[in-house]
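Observations on the model geometry
Chain residues, written in single-letter form:
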Amino acid sequence: MQSQTKVVGVGGICDWIGKGLLSEDGREVDFLEIKFLHGLRNENRLQVLVYCALLSLANHRPTIGMLYNARTGEKEICSLDFAKSEKLLSDITLFKLKGVVSLDPHDVVQDTTARTIGRICEAPFGSVPPESLPTLVNELMSKIMKDCPQVSIQACCEIHNLAWAFAEGEIAQNNGMNPLIPFMPRLLGTLLQLTNVDEKNLRDAAFEAISALIQTGASNSKTPFNNLLPIILARLCTSFSVHVFTNEDKERKNDVQGLLCALIKVLVCKLEVQYLLPHADGVMKNLLLVLETKNATCHGEVFSAISVVCDKLESHFDRYMPALAPFLIIGLKNFQAFHVCTTAVELVSDIARSIEGNIQPYCYDIMATLVECLQNQSVDCNLKPLVLTCIGDIAMALGKAFEPFLQISMMMLIQASQTPLPDDDDEVIELVNHLRLSVLEAYTSIIKAFNDSGCIDMLAGYVSPIMQFLQALSEEKDKDFYIVSKAAGLLCEIARAMGRNVKGHLSHPFVHALLSDDYANRDDLIREICHRAMGDIQAAIQ
């Protein structure tokens, strides 16, 4: 249990957790709670009992806690079995819930009630007793539509928390069902009424609550989500006719469109493709209309939503490329808007994987923009690894047709692989390692693409710089084993694709040393990759 663990109805944090403290009867105490009172009260004992339950659940064993009154010298010992811990916390939650439904009409009291319910929704054990759920949901629904925005915001936040609490709870994990499913239509319908309000914080909270309900909904709750997509599309369509007179109007319009696009993304993620297909044209039409808005702040959300549509439709997404391509190039060239450019690059990767060779007509413009990004010194360094990975994805999609872009791509990869690793700057070290991972992945993708296309000989001139990069990685003292596992995967691909043609390179001592060091890692997946690479290399050099 971390020192900042909180529990419903109990204030403060425990004063000490550790080893070495014994009770008077010789039992080892797991934690100590100190008070300074005229006398210990039942609420203090309950607090220690709850800490016992939390620590017991965290450690999967019985827990002993000591309550000490520094003013009077009183000491009390509390112990709790692991099997009883969750039941205790569940009973406390139910007890608290029955005590928080307030009939007081004052906003301050209503807000306090909503916050108390919120603490219940954040219960660490992630489970509200089933018999109390209707009461809890009805109380939150009544708070949502209050005239006081703060009360409504708090209620929306608690629906968000409740959705995730149930999604992560034992019931959902065991049978795949979220107990909120029966309440989904009412909750979604009520929250949708708040998505057009002028109060920004309330509007944002309502959208976040809807998004949480969608993301945590189980497979048997698709019906309300199927019905929700046309409603959200209609809202987005209506937003285009909203007149803008002031900067505030413009900001509100862009904000609403961004939230609607984000909601479309989570909805499309949830829907099966047969439910998406009837609405796909409408989804893409409206998303492209948002991209037509100049200086819009939500283009990143649009590209993210389109990525999900692309993943769902796969090869059928090709029909939207002529209309999308001009906006995609604009997004890729928007180097100064990191989020927009990042999501555009990620979308290109998704398109390449989905429509494969059909991306070729758009690749000259796309590759020219990606190379420009890599050569631009003012571009955020965190963007460049994504660009390199994207180039590898394009190569996989095109195969031999990637040849016009091969020389410049390999030049960019060789240059990136020579980026030095600093000794004492953790932030730069992380960035360089991310760059190296992308280089290794791109090399692997290009080699595999050309090998599958039967033209691996085109890469013969690039083997030496690739092996020099791998040797440099092998000679570093503090190796990142994830990077070395990617290096092993690249060696495996080289051995399979080029065989005896690269026997001299694969026989170099550093290759064996690199794989041996990586094999010593305890991660089973990494060891499997190295074992496979060793076998492929052995077969290639014999």
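Please refer to the structure higher up on the page.
Residues numbered from 1 in each chain as written. Predicted model: local features only at pLDDT ≥ 70, side-chain atom pairs only at ≥ 80, totals over all residues. Heavy atoms only, no water.

A few words on the overall build of the protein chain. Looking only at helices and strands, the protein chain features 23 helices and four strands. Residues counted as buried form 51% of the 542 residues belonging to the protein chain. Excluding contacts between residues fewer than 6 apart, the proportion of contacts in the protein chain whose partners are at least 24 apart in sequence is 69%. Of the roughly 26,000 Å² of accessible surface on the protein chain, a fraction of 51% belongs to carbon and sulfur atoms. (Helix = DSSP H or I, 4+ residues; strand = E, 2+ residues; numbered from the N terminus. Buried < 20%, exposed > 50% of the residue type's maximum accessible area, 1.4 Å probe, protein only. Contact = heavy atoms within 4.5 Å. Areas by Shrake-Rupley, 256 points an atom, 1.4 Å probe, with all protein chains shown as cover.)

The subject of this paragraph is the pairing of strand β4 (residues 75-80). When strand β3 (residues 63-69) meets β4, the two strands line up antiparallel, connected through six bridges. Across the sheet, residue tyrosine 68 finds its bridge partner in β4, namely lysine 75. (Pairing = 2+ DSSP bridges.)

Here the focus is the sheet that holds strand β1 (residues 16-22). Taken together, four strands build an open sheet; the order of strands is β1-β2-β3-β4 and the sheet is mixed. Two strands bound the open sheet, and with one partner strand each, they are β1 and β4. Averaged over all neighbouring strand pairs, the angle between strand axes comes to 40 degrees, with direction disregarded. (Axes fitted to C-alpha atoms, helices over the stretch in contact; angles between N-to-C directions.)

Right, let's get into the packing of aromatic side chains. If you walk through the whole model with that rule in mind, you get five aromatic pairs. Here the aromatic rings of tyrosine 364 and phenylalanine 405 are separated by 5.0 Å at their centres, their planes lie at 65 degrees, and the arrangement is edge-to-face. With tyrosine 364 in helix α15 (residues 363-375) and phenylalanine 405 in the loop between α16 (384-398) and α17 (406-417), this residue pair connects regions lying 41 residues apart in the sequence. The exposure class of phenylalanine 405 is buried, given its relative accessible area of 7%. (Phe/Tyr/Trp six-rings, centres within 6.5 Å; stacked < 30°, edge-to-face > 60°.)

Side chains of Asp423, Asp424, Asp425, Asp426, Glu427 and Glu430 sit close together on the surface and give a patch of like negative charge. Mapped onto the elements, aspartate 426 comes out in helix α18 (residues 426-452). You can call aspartate 426 exposed: its relative accessible area is 62%. (Patch = residues over 30% accessible without salt bridge, like charges linked within 9 Å, V, L, I, M, F, W, Y side chains within 5 Å. Salt bridge = Lys/Arg side-chain N within 4 Å of Asp/Glu carboxyl O. Lys, Arg positive; Asp, Glu negative; His and termini not counted. Charge placed at Lys NZ, Arg CZ, Asp CG, Glu CD.)

Okay, the packing of helix α13 (residues 321-332) against helix α14 (residues 338-355) next. Contact pair α13 / α14: the axes reach a minimum separation of 8 Å and the direction vectors enclose 145 degrees. Handedness of the α13/α14 crossing: left-handed. Of α14, the residues touching α13 (which contributes Met321, Leu324, Leu328, Gly331 and Leu332) are Val340, Cys341, Ala344, Val345, Leu347, Val348, Ile351 and Ile355. When the residues that make up the contact of α13 with α14 are grouped by side-chain class, the tally is twelve nonpolar, one polar and no charged. (Left-handed = near helix turned anticlockwise from the far one by under 90°. Nonpolar A, V, L, I, M, F, W, Y, C, P; charged D, E, K, R; others polar.)

Take the pattern of salt bridges next. Applying the stated rule across the entire model yields 16 salt bridges. One salt bridge in this structure joins aspartate 25 and arginine 27, with 3.1 Å as the shortest N-O distance. Several salt bridges share partner residues, and in doing so they unite Asp350, Arg353 and Asp393 into one network.

By themselves, these figures tell us nothing about what the structure is for.
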